[in-house]
Amino acid sequence: MDIKELSEKLKKDFAYSYDFITVEGKIGEKDVLYFYLDGMIDKQLLEYSVIRALKEWKGDSFTAEEIGKATFSSATVSEVEGYDKCKTQAVLGFVCFYLEEKYFSIALQSFQKR
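Because the structure is predicted, anything quoted here is derived from the model rather than measured.

(A) A look at the state of the cysteines. For the structure shown, the criterion picks out zero disulfides. Here C86 is not disulfide-linked; the sulfur of C96 is the nearest cysteine sulfur, at 3.3 Å. A relative accessible area of 0% means that C86 is categorised as buried. Overall, the relative accessible area of 0% leaves C96 in the buried class.

(B) Layout of the sheet that holds strand β2 (residues 30–37). The strand order across the open sheet formed by five strands is β1-β2-β4-β5-β3, and the pairing between neighbours is antiparallel. With partners counted over all chains shown, the strands left at the sheet margins are β1 (20–27) and β3 (77–80), one partner each. For this sheet the average axis-to-axis angle between neighbouring strands, irrespective of direction, equals 25 degrees. Strand direction decides the pairing type here: β3 and strand β5 (residues 102–106), joined by four bridges, are antiparallel. Residue pairing across strands places S78 opposite S105, the latter belonging to β5. Packed on one face of the sheet, helix α2 (residues 43–55) meets β1, β2, β4 (95–99) and β5 and runs near 170 degrees to β2.

(C) Region of the structure containing the side chain of S105. With respect to the helices and strands, the residue S105 is situated in strand β5. Within the structure, the side chain of S105 is placed 3.2 Å from the side chain of Q89, a separation counted as a polar contact.

(D) Representation of the pattern of salt bridges. A full pass over the atoms with the stated rule returns nine salt bridges. With a shortest N-O distance of 3.8 Å, K30 and E100 are connected by a salt bridge. With K30 in strand β2 and E100 in the loop between β4 and β5, the pair connects residues that are 70 residues apart, well separated along the chain. According to the relative accessible area criterion, E100 is partly exposed, its value standing at 41%.

(E) View of the side chain of T71. Mapped onto the elements, T71 comes out in the loop between α3 (64–70) and β3. Separated by 3.0 Å, the side chain of T71 and the backbone oxygen of G68 make a polar contact.

(F) Main features of the packing of aromatic side chains. If you walk through the whole model with that rule in mind, you get six aromatic pairs. Judged by centre distance (4.8 Å) and plane angle (45 degrees), the ring pair of Y98 and Y103 falls under tilted. Owing to a relative accessible area of 9%, Y103 belongs among the buried residues under this scheme. Put simply, the rings of F14, F20 and F35 touch in pairs and so form one group of aromatic residues. Directly above the aromatic system of Y83 lies the positively charged group of K9, at a separation of 4.2 Å from the ring centroid.

Cut-off values and rules
What you see as residue numbers is a count from 1 along each chain, following the sequence as written. The predicted origin of the model limits local features to residues at a pLDDT of at least 70 and limits the giving and counting of side-chain atom pairs to 80 or more, whereas totals for whole chains, interfaces and linings rest on all residues. Just so you know, side-chain values use all the structure's heavy atoms and leave hydrogens and water out. We call a pair of cysteine sulfur atoms a disulfide when they lie within 2.5 Å. A 1.4 Å probe rolled over the protein chains alone gives each residue an accessible area, and that area as a share of the maximum for its type sets the label: buried under 20%, exposed over 50%, partly exposed in between. In this description, strands pair whenever DSSP reports at least two bridges between them. By definition, any uninterrupted DSSP run of H or I lasting at least four residues is a helix, any uninterrupted run of E lasting at least two residues is a strand, and each is numbered from the N terminus. For helices, the fitted line uses only the C-alpha atoms of the stretch in contact; every axis is such a line through C-alpha atoms, and the angle between N-to-C directions lies from 0 to 180 degrees. Whether two residues are in contact is decided by their heavy atoms: any pair within 4.5 Å suffices. We define a polar contact as two N or O atoms separated by no more than 3.5 Å, with the added condition that, inside protein, one atom must be a possible hydrogen donor and the other a possible acceptor, whereas residues neighbouring each other in sequence contribute only through side-chain atom pairs. In the sections that follow, a salt bridge refers to a side-chain nitrogen of Lys or Arg positioned within 4 Å of a carboxyl oxygen of Asp or Glu. Stacked, tilted and edge-to-face are the three classes assigned to paired rings of Phe, Tyr and Trp, where Trp is represented by its six-membered ring and a pair needs centres within 6.5 Å; plane angles under 30 degrees give stacked, over 60 edge-to-face, the rest tilted. In our convention, an over-ring charge means Lys NZ or Arg CZ found within 6 Å of a ring centre and within 35 degrees of that ring's normal.

Structure below.
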């Protein structure tokens, strides 16, 4: 599945959730799709410690351990088995991302007051 197809599938599955966010980006030269529920994560930490750090990454081994080392965050990066489990992680407050046919999650929970 490519990034565009996954984005459309997620938008269908979360059609009634206005808090569901997808963000397309790059990790090095590779396309990535981040997804999460707004209000459940620390967006500033995501932008500055994860997205910006990974844009510049020159690594070629897309493992959770290597991706975790490349971020400026102490948050744990884990590989997640499959689409459904990754969706569950997003609902639990994790930032999920899809890269090179693999799903990952990173713990950036920060439950904001509404």
